[in-house]
Amino acid sequence: MAVGPKKKADMMNAILSIPVTARLTLAFVLGACVGSAANWAIYWLAWNRRPISPWSPPDASAPPRRIADRLPILGWLGLRRESTLHGPGFWIRPMLVEVLTGAGLAALYWWETVAGGLIPRGVGWLLAPNYQPMLHLEFFAHSILIGLMLAASVIDMDEKIIPDPITVAGTLAGLMMAALWPISLLPEVTPVTFLRLSAPNPWPAWLQGRPEIGSLAVGLGCWWLWCVAILPRSWYGRHGWGRAVRLCAARLRRDPTTYRILRMAVFGSLVVLLVWHRAGDNWQGLLSSLVGMAAGGGMIWLVRVIGAVTLGREAMGFGDVTLMAMIGAMLGWQPCLLIFFLAPVAGLVVGVLRLIFLRDREIPYGPFLCLATLCVLVLWGPVWVWSEPFFALGGLVPVTMLCCLGLMGVMLGLWRLILAVFR
């Protein structure tokens, strides 16, 4: 049963009637729960599973778990009794994860819904109560994204992998929210609405929903591209293309994951068709999310290929591709392009420092993508005002992107020279 506008307004007024201090406290509790879920994923979805999380099955030799152990933050104080099994101080990092996530989401709630930090000063639209649902849905979506990025970053730092269950689930969540609540996407300032894939230019007529077949083809193309990308394929080209194709096909036939992904692809295609038939803002939100997913993952995929050619080996894991696809589904292609520019700067600086002081040649790239995403997210208002003229160029944006990919190849070549110096 759909909720009417009056009911929505009453619900929003009830939330806003709660004092700001109480809402910030609730946001802290929500953040601690998000951090607790991230801790479960960090230890349970990692390649080397460790029964550290209070939600994970304990070792047979461990003391019985208590209900209080599952309380965020406080539960880790009780789990100190397992230090003989997991090592002294094992509880400190996960407890800090929950504390910092709680504090971070409380600050984010204040920034987005109270201070209106996603919108530049002077717009003045925050005084209108009708926009408060948009702000709260954006905070809800960003809380999910931050929890997923937190789990992916810590696992990537621990093991230099990013598990598919995190990024695939996050991508599906982003697509679902964009289709159901398009206003959960980042805002576009002028006019105040959700960030469409055509922003800041008007939405073109050929991308409308039914009966425009071209827009349906774009949506289904992005969806199937992602589904094919996450198939459990392998490529061994050492003995020629023919043998590589046969081995890849055999792997796809034998792996049960192939058939689960194909079923998901068919079901998702029906959902895309249904939303396209409905048209309106729901279709524009879903199509913007689908294009953001394909653009985000595609950019990192191209970097992965360029890096492999330039460095002569795999320069970036496929987990970074699925991570960026998840971010694109949550935020759209425009923020992904800004993240793409920002993340390598931090990665290069940290990589050089690790090489000099630790002699470590391998650095996880996922945390830098997540850090850049957080920066773009928090500073979205001024960032959009600064970058809006660039995105208004339309067709010139892909050309600029290709030039930047060429520069990326040059940067990776310089990195290879630096590695040779410290060999």
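All residue numbers refer to positions counted from 1 along the written sequence of the respective chain. For this predicted model, a pLDDT threshold of at least 70 governs which residues receive local features, and a threshold of 80 or more governs which side-chain atom pairs are given and counted, while totals over whole chains, interfaces and linings are taken from all residues. The basis for every side-chain value is the complete set of heavy atoms in the structure, and neither hydrogens nor water enter the calculation.

**Remarks on unusual backbone geometry**
Keep in mind that most residues, glycine aside, have a negative phi and that most peptide bonds are trans.
Working step 1: Omega for the bond connecting Ala199 with Pro200 falls within 30 degrees of zero, at 5°, which places this linkage in the cis form.
Working step 2: Here a strand is any run of E in DSSP of at least two residues, a helix any run of H or I of at least four, and the numbering for each starts at the N terminus. Here Pro200 is to be found in the loop between strand 2 (193-194) and helix 8 (213-229).
Working step 3: You will see that Ile73, though not glycine, has its phi angle at about 65°, which is positive.
Working step 4: Following the sequence through the fold, Ile73 ends up in the loop between helix 2 (20-44) and helix 3 (74-78).
Working step 5: Relative accessible area serves as the criterion here: at 15%, Ile73 is assigned to the buried category.
Working step 6: In this structure, Ala279 takes a positive phi of about 65° despite not being glycine.
Working step 7: In this fold, Ala279 is placed in the loop between helix 10 (256-278) and helix 11 (280-311). With a 1.4 Å probe rolled over the protein chains alone, any residue whose accessible area is under 20% of its type maximum counts as buried; one over 50% counts as exposed, and the rest are partly exposed.

**Some words on the side chain of His136**
Working step 1: Its location among the elements puts His136 in helix 6 (residues 132-159).
Working step 2: Identification of polar contacts relies on pairs of N or O atoms within 3.5 Å, with a donor-acceptor requirement for protein atoms, meaning one able to donate a hydrogen and the other able to accept it, and with residues adjacent in sequence counted only if both atoms are side-chain atoms. Within the structure, the side chain of His136 is placed 3.0 Å from the backbone oxygen of Gln132, a separation counted as a polar contact.
Working step 3: A contact between two residues is defined here by any heavy atoms of the two lying within 4.5 Å. In this structure, His136 is in contact with Met12, Ile15, Leu16, Arg23, Tyr109 and Thr113, ignoring residues within four places of it in sequence.

**So, the nonpolar core**
Working step 1: The term nonpolar core refers to a set of buried residues drawn from Ala, Val, Leu, Ile, Met, Phe, Trp, Tyr and Cys, joined through side-chain atoms within 4.5 Å. Ranked by size, the top nonpolar core spans 100 residues in total, and within it Ile327 and Trp380 carry the most contacts.
Working step 2: If we ignore the near neighbours within four places in the chain, the residues touching Ile327 are Leu145, Met149, Gly332, Cys336, Ile339, Leu369 and Thr373.

**A closer look at helix 2**
Working step 1: For a helix, the expected span equals 1.5 Å multiplied by the residue count minus one. In this model, helix 2 (25 residues) spans 36 Å end to end at C-alpha, consistent with the 36 Å of a helix rising 1.5 Å per residue.
Working step 2: All buried positions along helix 2 are accounted for by Arg23, Ala27, Gly31, Ala32, Val34, Gly35, Ser36, Ala38, Asn39, Ala41, Ile42 and Tyr43.

**Some points on the environment of Ile300**
Working step 1: Mapped onto the elements of the fold, Ile300 is located in helix 11.
Working step 2: Judged by its relative accessible area of 1%, Ile300 falls in the buried class.
Working step 3: Each C-alpha atom of the pair Ile300 and Val321 lies 5.3 Å from the other, and the pair is 21 residues apart in sequence.
Working step 4: Ignoring anything within four residues of it in the chain, the contact list for Ile300 reads Met316, Asp320, Val321, Met324, Phe340 and Leu369.

**Observations concerning the packing of aromatic side chains**
Working step 1: To pair, rings of Phe, Tyr and Trp, with the six-membered ring standing in for Trp, must have centres within 6.5 Å; the planes then decide the type, stacked if under 30 degrees apart, edge-to-face if over 60, and tilted in the middle. Inspection of the entire model under this criterion finds nine aromatic pairs.
Working step 2: Arranged with centres 5.3 Å apart and planes meeting at 85°, the rings of Trp333 and Phe391 form a pair that is edge-to-face. Of this pair, Trp333 sits in helix 13 (residues 333-358) while Phe391 sits in helix 15 (residues 380-391), and the two are 58 residues apart along the sequence.
Working step 3: Each ring, one from Phe390 and one from Phe391, has its centre 5.4 Å from the other, and the planes form 65°; the classification is edge-to-face.
Working step 4: Given a relative accessible area of 25%, Phe390 falls into the partly exposed group.
Working step 5: We classify Phe391 as buried; its relative accessible area is 2%.
Working step 6: Linked through ring pairs, Trp333, Trp380, Trp384, Phe390 and Phe391 together constitute an aromatic cluster.
Working step 7: For a ring to carry a charge above it, either NZ of a lysine or CZ of an arginine must fall within 6 Å of the ring centroid while also lying within 35 degrees of the normal to the ring plane. For Arg80, the ring lying beneath its charged end belongs to Trp91, and the centroid distance is 5.5 Å.
Working step 8: One Lys or Arg, Arg196, reaches over the ring of Phe194 and ends 3.9 Å from the middle of that ring.

That's the geometry; what it means functionally is another story.
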